[in-house]
Amino acid sequence: MDNLNRYGKKYLIPLASCLFTTGAKRALLCDLQRQRFMPVPMSLKDLVTDYKGKRIEEMYADYPEEEHQTLEEYLDFLLEGEYIFLSNTAADAERFIDLPLDFLPSGKIQNAIIDVDGQSSFDLHKIIAELISLDCIAIQVRSYRLMELEEILDITTATANSNCRNIEFIIPYSESIAGNSQLEEVFIVHQRIGSIICYDAPENRSDWYLGNQIRVDYTMQHLSDETHCGVFHLSYFSPNIPHFTEAQLHNTCLNQKISVDRFGQIKNCPGMATAYGDIKDTSLSSVVARSDFKKMWTIHKDEIRTCKDCEFRYICTDCRAYLEDPADDYSKPLKCGYDPHTASWEDWSKNPLKQSAILSYGFKFTAI
Ligand code: SF4
Ligand code: SF4
């Protein structure tokens, strides 16, 4: 009863950036400012929701005595984590407004993926020039053939004087990167390079440059084509305000994205089956103007089967390329092994119910 004695007359005010998401079995507490999250019992979420702006003594009066120990523990947890604060005045409850969850899409292309392999015959510079004219902010280049540092710098230089702020490269292991003692100087000149991921590396490791601004990851995994993408894992979640707000009504992978696959086909992402023309004779801007191209941009987690019951749905990314039911655009992502109804993870690739979809996509089981 320590908290009742100490704080009984005070009012409970949740922090605006600490939000609960209700799942089928439990809730998720997301601290969007400090970018952390944790599953919590539904009763903890109910406590904060029901007693927002009310006195602590009201809470204790409503709950039977045998549950007061749980109230003590919940309040300790909420106060120590700074998910709530206690105020002396009821007026504070009015002053601390809820975080607006509006996401204002620009309607423009924000990010792009370009895939290349040894057979790709399109002009990479022409695609970069088109993306620049679309004001694209982030570009990811994924290469399934050797791509040396010189080519990386050539692509990066092509974005000079543009709105592009970040270029990420996923490439096979290269000594021109791993054995380069001048990378810090290279990254000072080419600050648009946000990260480089080298697969087929002899070891798993990460190197940081420019005071943790640019990361080079080395992974022993092998990537052979676009089917590596779309894997779900707790470590891939994004508990931040832009992601959380975008997830309310937009797709967290495909919104405002355009891609060119290794064959030169323009798509929402290289893994999607539907193509909207060949980059050799179709402009990216003509594809962006098509309403059918933008259909994927607004398929969001509250509409997707199983995901709509999941407490992670506003911090999880989405995948519309590889689905449990390939014929249904609103099906759960195939490569997610989480079941929100049991709150448990399993190896998605071993689930017997997923085997026919796995066969239809023809995966090689590598992931990044
Ligand atoms: S839709 Fe899936 S495969 Fe395509 S980029 Fe997103 S996660 Fe990757
Ligand atoms: S069920 Fe859906 S929302 Fe939940 S972790 Fe899997 S893909 Fe993400």
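As the structure is a prediction and not an experimental result, all values here were calculated from the model.

Quick word on the overall build of the chain
In step 1: Scanning the chain from terminus to terminus reveals 12 helices and 15 strands.
In step 2: Each principal axis of the C-alpha atoms in the chain carries an extent, and together these give about 75 × 50 × 45 Å.
In step 3: The 368 residues of the chain split such that 50% are buried.
In step 4: When contacts within the chain are restricted to residue pairs at least 6 apart in sequence, long-range pairs at least 24 apart make up 66% of them.
In step 5: Approximately 17400 Å² of the chain is accessible, and the part contributed by carbon and sulfur atoms is 51%.
In step 6: Of the side chains in the chain, 37 bear a positive and 55 a negative charge, and the two mean positions are spaced by 3 Å.

Some points on the environment of Ala-178
In step 1: Along the polypeptide, Ala-178 turns up in helix H8 (residues 175–178).
In step 2: Taking relative accessible area as the criterion, Ala-178 reaches 22% and is therefore assigned partly exposed.
In step 3: Residues Ala-178 and Ser-238, 60 residues apart in the sequence, show an inter-C-alpha distance of 29 Å.
In step 4: With residues near it in sequence (within four places) discarded, Ala-178 still touches Tyr-173, Arg-205 and Tyr-218.

Quick notes on the nonpolar core
In step 1: Formed by 45 residues in total, the largest nonpolar core has its most connected members in Phe-169, Ile-177, Phe-187, Ile-196 and Ile-258.
In step 2: Residues lining this core come from more than one domain, with at least three contributed by each of domain 2 (107–119 + 226–368) and domain 3 (145–222).
In step 3: Discounting chain neighbours no more than four positions away, the residues touching Phe-169 are Val-141, Met-147, Ile-152, Ile-155, Thr-156, Ile-193, Ser-195, Ile-196 and Ile-197.
In step 4: Core analysis: the next-biggest nonpolar cluster, separate from the first, contains 31 residues, Leu-19, Met-296, Ile-315 and Ile-358 among them.

Re the packing of helix H2 (residues 42–50) against helix H4 (residues 68–80)
In step 1: Across the interface, H2 lies against H4 with an axial gap of 11 Å and an inter-helix angle of 75°. On the basis of the axis angle, H2 is roughly perpendicular to H4. Counting all contacts with H2, which are made through Ser-43, Leu-44, Leu-47 and Val-48, the residues of H4 involved are Leu-71, Tyr-74, Phe-77 and Leu-78.
In step 2: When its residues are assigned to classes, the contact of H2 with H4 shows seven nonpolar, one polar and no charged.

Some words on the pairing of strand E7 (residues 138–143)
In step 1: Across the six residues that make up E7, a large majority, five, are buried.
In step 2: Across six bridges, strand E6 (residues 111–116) lies against E7 in parallel orientation. The residue of E7 that forms the bridge with Ile-113 is Gln-140.
In step 3: On the question of chirality, the crossover connecting E6 to the parallel E7 by way of helix H6 (residues 124–133) is right-handed.
In step 4: Bridge analysis of E7 against strand E8 (residues 166–172) gives five bridges, and the strand direction is parallel. Across the sheet, residue Val-141 finds its bridge partner in E8, namely Phe-169.
In step 5: A crossover links E7 with its parallel partner E8, the connecting element being helix H7 (residues 149–157), and its sense is right-handed.

What about the packing of aromatic side chains?
In step 1: Tallying each qualifying case throughout the model produces 16 aromatic pairs.
In step 2: Measuring from ring centre to ring centre gives 6.2 Å for Tyr-51 and Tyr-63, while their planes differ by 50°; the resulting arrangement is tilted. Taken together, the residues span a long stretch of sequence, with Tyr-51 in the loop between H2 and helix H3 (56–62) and Tyr-63 in the loop between H3 and H4 at a distance of 12 residues.
In step 3: We classify Tyr-51 as buried; its relative accessible area is 7%.
In step 4: Through pairs of rings, three or more aromatic residues link up here, namely Phe-37, Phe-237, Phe-312, Tyr-338 and Trp-345.
In step 5: A cation over an aromatic ring shows up here: Lys-54 above the ring of Tyr-51, its NZ or CZ 5.6 Å from the ring centre.
In step 6: Lys-294 extends its terminal NZ or CZ atom over the ring of Trp-297, reaching a point 5.9 Å from the ring centre.

Criteria and cut-off values
Residues numbered from 1 in each chain as written. Chains lettered and ligands numbered in written order. Predicted model: local features only at pLDDT ≥ 70, side-chain atom pairs only at ≥ 80, totals over all residues. Heavy atoms only, no water. Helix = DSSP H or I, 4+ residues; strand = E, 2+ residues; numbered from the N terminus. Buried < 20%, exposed > 50% of the residue type's maximum accessible area, 1.4 Å probe, protein only. Contact = heavy atoms within 4.5 Å. Areas by Shrake-Rupley, 256 points an atom, 1.4 Å probe, with all protein chains shown as cover. Lys, Arg positive; Asp, Glu negative; His and termini not counted. Charge placed at Lys NZ, Arg CZ, Asp CG, Glu CD. Core = buried A, V, L, I, M, F, W, Y, C linked by side-chain atoms within 4.5 Å. Domains from an automatic or database assignment. Axes fitted to C-alpha atoms, helices over the stretch in contact; angles between N-to-C directions. Parallel < 35°, antiparallel > 145°, perpendicular 65-115°, else oblique. Nonpolar A, V, L, I, M, F, W, Y, C, P; charged D, E, K, R; others polar. Pairing = 2+ DSSP bridges. Right-handed = clockwise from strand over helix to strand, strands pointing away. Phe/Tyr/Trp six-rings, centres within 6.5 Å; stacked < 30°, edge-to-face > 60°. Lys NZ or Arg CZ within 6 Å of the ring centre and 35° of its normal.

Remember, this is a structural readout, not a statement about activity or role.
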